[in-house]
Amino acid sequence: MSQPKETGITAQKDKDFSEWYTQVVLKAALADYAPVKGFIVLRPYGYAIWESIRDILDKRFKETGHQNGFLPVLIPESLLAREEDHFAGFTPEVFWVTKAGDNEIGERLALRPTSETLAYSMFAKWITSYRDLPLKINFWNTALRAEIKATKPFIRTSEFLWQEGHTVHATKEEAEQEVMMILDIYRQMIEDYIAMPAITGFKTEKEKFVGAEYTTTIEGMMADGKALQMGTSHHLGQNFSKPFEIKYLGKDTHEHFAWQTSWGVSWRLIGALIMVHGDDKGLVLPPKIAPVQVVIVPIFKDKDAQQVKAHASEVEMELKRAGIRSHMDGRDEYTSGWKFNEWEMKGVPLRINIGPRDIEKGQLEFVRRDTKEKSFFDRKKLVDTASMMLDQIQKNLLEKATQMLREKILNPVSYDELRSIVENTGGFARAGWCGRQECEEKIKEETGADIRVIPFEQSEMPAKCIYCGQPSKKVAMFARAY
RNA sequence: GGGGCCGUUGUCUAGCUUGGUAGGAUGCCAGCCUCGGGCGCUGGAGGUCGCCGGUUCGAAUCCGGCCGGCCCCA
């Protein structure tokens, strides 16, 4: 085994996590830095992963009665400012457009940090009757937020790809159901496809979306012990419908303000899956979202190149016909060993090696990306074997990630212990909380951890607040976060 | 918010302290070789030394500003 080349990942995940992460993003060709601070360019391989995630969600959104629309990127200041809390929350990170060519624009225009205000100014025009409700629209677009803090590809960037859903309902109950249904769609997608377990629950008042009545969240835990918010679903109550005058005439012949929700997930999910599943050789993709599920590498000497490649192509075609995303790497300019390393770095879940020996014996060599195990199978059982192994890999990744999450949920019995967990061990510190913002803020100040989520699952609540010792009202998950 | 490090060819870098011809590896191109874990050989192309300004006979090197990247701390 030779020394790792610069083309490969040279940082170790458990020693130098940040460096490792950056190398995976750049070297697996997911993304590159753009010329402007905080912005990245999504490369085809990274975009293909985003397309997988998008397609899965888009299907679910449509199945549950949502339609897609498109909004412009510019929002006039007056509109953005119409809901006070919302404006105050976003204004520090808004990019403003003040000129058109050489001419000053009268009213400055915001590059959307999120589209509630713009969408709702439109919704107000479209909704007049209970018959217009519910209105359920989703937007696949980008949002722009000038990040002052250190940026990290996919995790924190000044522009990010996301979807933002916005719905309008006649009743509070219906809006609240929507909030929960969407959060559950997120949870299923993250668990079943990205193979990551997560904790669902509420954000605290301090951490909720500015302008929302309350925010529900799905929080993940990364390999370095830091938490990552992977998606949020907000109940907006009537906080926006009132300033934007989204009103409808009910069956009762009276006018009512509508109830609203908004929700979103972003390409952060790509960052999350890198951090959770990746290893020292690079990316590890869950089969269900991998752009290439199986890569076939022909191994040949010059004289039998044609024959081996022909066999490899047949394998590729057979897999493709069975609906398995496959790629035969027939490049002559690289050796098979080079290809092995490259595809491992790119996280392709399953590799099939095929050489003259295998052809002779009527077998194929399968190499799993997650466990690196090699095994031989009968050529005739290609599709069954590949499907079975892809299923196993998908399952194994979720199991490993679940195990990791379990290990990273700790139950401190004292504030000192919580502090030690946050500062040394990392992970979620699950603790009682009196519900007062004062304690939440003190803990944040003193340890750097905030309340990531008040889990829906509230069993085994400690009796006392971990900070002040007063009776606890909730069990909360404290952690440092990205 | 505070502190530190860095920017030289596509990539990684040497040179910078002590100013004077930008050197290597890898990648790329051509030709040969041939592949069971990042093969080997020969030749070749590729550089506004991040940008702007200053000092100097002369700046990758010294000084200032800006742009960009990374890390640590709160």
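A quick note: this is a predicted structure, and the numbers were derived from the prediction, not measured. (Residues numbered from 1 in each chain as written. Chains lettered and ligands numbered in written order. Predicted model: local features only at pLDDT ≥ 70, side-chain atom pairs only at ≥ 80, totals over all residues. Heavy atoms only, no water.)

Some thoughts on helix H8 (residues 305–321)
Spanning 17 residues, H8 covers 24 Å between terminal C-alpha atoms, matching the ideal 24 Å at 1.5 Å per step. Residues of H8 that are buried: Ala305, Val308, Lys309, Ala312, Val315, Glu316 and Leu319. For H8, the angular spread of buried residues about the axis comes to 115 degrees, placing them on one side. Away from the buried face of H8 by more than 90 degrees, exposed residues Gln306 and Arg321 are located. Backbone geometry just downstream of H8 places Gly323 in the positive-phi region, at approximately 85 degrees. (Helix = DSSP H or I, 4+ residues; strand = E, 2+ residues; numbered from the N terminus. Expected span 1.5 Å × (residues − 1). Buried < 20%, exposed > 50% of the residue type's maximum accessible area, 1.4 Å probe, protein only. Arc of directions from axis to C-beta.)

Quick look at the packing of aromatic side chains
Inspection of every chain in the model, using the stated rule, returns 18 aromatic pairs. Between Phe160 and Trp162, the ring centres sit 5.4 Å apart and the planes meet at 90 degrees, which makes this aromatic pair edge-to-face. Ring centres 5.0 Å apart and planes at 85 degrees place the aromatic pair Phe202 and Phe456 in the edge-to-face group. Of this pair, Phe202 sits in strand E9 (residues 199–202) while Phe456 sits in the loop between strand E22 (450–455) and strand E23 (474–479), placing them 254 residues apart in sequence. An aromatic cluster of three or more residues is present, and its members are Tyr120, Phe123, Trp126, Phe240 and Phe244. Above the plane of the ring of Trp96 lies Arg108, whose end atom (NZ or CZ) is 3.9 Å from the centre. Over the ring of Tyr193 we find Lys288; its NZ or CZ atom is 5.2 Å from the centre of that ring. (Phe/Tyr/Trp six-rings, centres within 6.5 Å; stacked < 30°, edge-to-face > 60°. Lys NZ or Arg CZ within 6 Å of the ring centre and 35° of its normal.)

Topic: the protein's contact with RNA strand B
What surrounds RNA strand B is a group of 40 residues, the closest being Phe300, Lys301, Thr335, Ser336 and Glu344. For RNA strand B, the backbone portion of the atoms within 4 Å of the protein, that is sugar and phosphate, comes to 51%. Trp338 is positioned such that a nitrogen or oxygen atom in its side chain is 3.3 Å from a base nitrogen of RNA strand B. Those elements giving two or more residues to the surface near RNA strand B turn out to be helix H9 (336–345), strand E17 (350–354), helix H10 (356–361) and strand E18 (363–368). The greatest single-element share of the surface near RNA strand B, amounting to seven residues, is contributed by H9. (Near = heavy atom within 4 Å. Polar contact = N/O pair within 3.5 Å; in protein donor to acceptor, adjacent residues only side chain to side chain.)

A few points about the environment of Leu144
If you trace the backbone, Leu144 turns up in strand E7 (residues 135–144). Residue class for Leu144 comes out buried when judged on its relative accessible area of 7%. Each C-alpha atom, one on Leu144 and one on Phe244, is 23 Å from the other, the two residues being 100 residues apart in sequence. Dropping the residues within four chain positions of it, Leu144 is found in contact with Phe39, Val73, Glu93, Phe95, Leu111, Arg112, Pro113, Ser158 and Glu159. (Contact = heavy atoms within 4.5 Å.)

Re the sheet that holds E17
Strand order in this open sheet of five strands is E16-E15-E17-E18-E19, and the pairing throughout is mixed. A single partner strand is all that each edge strand has here, and the edge strands are strand E16 (326–328) and strand E19 (374–378). Averaged over all pairs of adjacent strands, the angle between strand axes in this sheet comes to 25 degrees, irrespective of strand direction. Here three bridges tie strand E15 (residues 294–298) to E16, and the two strands are oriented parallel to one another. Paired with Val295 across the bridge in E16 is His327. (Pairing = 2+ DSSP bridges. Axes fitted to C-alpha atoms, helices over the stretch in contact; angles between N-to-C directions.)

Some points on the domain arrangement of chain A
For chain A, the domain assignment lists domain 1 (17–277), domain 2 (292–391) and domain 3 (409–479). For domain 1 and domain 3, the distance between their C-alpha centres works out to 27 Å. Residue-level contacts link 19 residues of domain 1 with 18 residues of domain 3. Carbon and sulfur atoms supply 67% of the area buried between domain 1 and domain 3, which totals about 1400 Å² over both sides. The interface formed by domain 1 and domain 3 contains one salt bridge. (Domains from an automatic or database assignment. Buried area = accessible area lost by both parts, 1.4 Å probe. Salt bridge = Lys/Arg side-chain N within 4 Å of Asp/Glu carboxyl O.)

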